[in-house]
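Here's the letter readout for the chains.
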Amino acid sequence: MDGGHVRKRGPKPGTRFQGNTAAYDPTSGRPYTAGTKIDNPDEAMKLIRAAEVAGLSVAEVIRRAIRYMPVDEDGRPLWPNEDQAANEQLPLELNAGRRPKAA
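Residues numbered from 1 in each chain as written. Predicted model: local features only at pLDDT ≥ 70, side-chain atom pairs only at ≥ 80, totals over all residues. Heavy atoms only, no water.

J.: Which residues make up the overall build of the protein, and what values go with them?
T.: Looking only at helices and strands, the protein has 3 helices and 0 strands in total. When contacts within the protein are restricted to residue pairs at least 6 apart in sequence, long-range pairs at least 24 apart make up 31% of them. A total accessible area of about 9,500 Å² is found for the protein, and carbon and sulfur atoms account for 52% of it. (Helix = DSSP H or I, 4+ residues; strand = E, 2+ residues; numbered from the N terminus. Contact = heavy atoms within 4.5 Å. Areas by Shrake-Rupley, 256 points an atom, 1.4 Å probe, with all protein chains shown as cover.)

J.: Provide a residue-level description of the pattern of salt bridges, including the pertinent values.
T.: Scanning the model with the defined rule gives 7 salt bridges in all. Ionic pairing is found between R49 and E52, a salt bridge with its closest N-O pair at 2.8 Å. Residue R49 and its partner E52 are both found in helix α1 (residues 41-54); the two are separated by 3 residues, about one turn of the helix. Residue E60 pairs with R64 through a salt bridge whose shortest N-O separation is 2.9 Å. Within this pair, E60 and its partner R64 are both found in helix α2 (residues 58-68), separated by 4 residues, close to a single helical turn. R64 matches E60 in its accessibility class, with the two residues each being buried. What you see here is one network of salt bridges that share partners, running through E60, R63, R64 and R67. (Salt bridge = Lys/Arg side-chain N within 4 Å of Asp/Glu carboxyl O. Buried < 20%, exposed > 50% of the residue type's maximum accessible area, 1.4 Å probe, protein only.)

J.: Which residues make up the packing of α1 against α2, and what values do they have?
T.: Interhelical geometry of α1 versus α2 gives an angle of 100 degrees and a closest axis separation of 8 Å. What the angle tells us is that α1 and α2 run roughly perpendicular. In contact with L47, I48, A50 and A51 of α1, α2 contributes V58, V61 and I62. Class assignment of the residues belonging to the contact of α1 with α2 gives a composition of 7 nonpolar, no polar and no charged. (Axes fitted to C-alpha atoms, helices over the stretch in contact; angles between N-to-C directions. Parallel < 35°, antiparallel > 145°, perpendicular 65-115°, else oblique. Nonpolar A, V, L, I, M, F, W, Y, C, P; charged D, E, K, R; others polar.)

J.: If you had to explain α2 to someone new, which residues and values would you point to?
T.: Of the residues making up α2, those classed as buried are E60, V61 and R64. An end-on view of α2 places all buried positions within 100 degrees of arc, on one side of the element. Buried positions along α2 lie against α1. (Arc of directions from axis to C-beta.)

J.: Describe the nonpolar core, and please don't skip the residues or the numbers.
T.: Formed by L47, A51, A54, L56 and V61, the largest nonpolar core amounts to 5 residues. Setting aside its immediate chain neighbours within four residues, A51 contacts L56, S57, V58 and V61. (Core = buried A, V, L, I, M, F, W, Y, C linked by side-chain atoms within 4.5 Å.)

J.: Would you mind going over a nonpolar patch on the surface in detail, with residue names and values included?
T.: Together, M45, I48, V58, I62 and I66 line one region of the surface with nonpolar side chains, adding up to about 430 Å² of accessible area. Contributions of two or more residues to the nonpolar patch are made by α1 and α2. With 3 residues, α2 is the largest single contributor of residues to the nonpolar patch. Relative to the elements of secondary structure, M45 occurs in helix α1. (Patch = residues over 30% accessible without salt bridge, like charges linked within 9 Å, V, L, I, M, F, W, Y side chains within 5 Å.)

Okay, structure coming up:
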C-alpha cells in the first residue's frame, strides 16, 4: 500500500515493466514525454521547493537532474547509497542576486 492506494495491476511502483521498453526516435525532433506521478509527499515537496528556490519550473529541475545525473559507461545511473543520499545536492544555478545559504 502506498499513500492509501492499493496497486491492482502492473509492477511495483518505481520498477520497470518487463519487456516494455520506451519507444523514442531522437531523430524525429519531437520532445520525449514521460508521465510520472510522485506519490511520496516528502519527495514532491523536495522537488517543488528546489524549483521554487532556484527560480525554475519543476520541469526544468527534472531536466537538469537528468542532464547532470552521473552514469557509468553503460548508461547506468550512479545513485548514491542511502547514507550518501541525505547529503547530495543538484548543481542548480540560482537566479541572479540569489545565493545559497551557507551550511
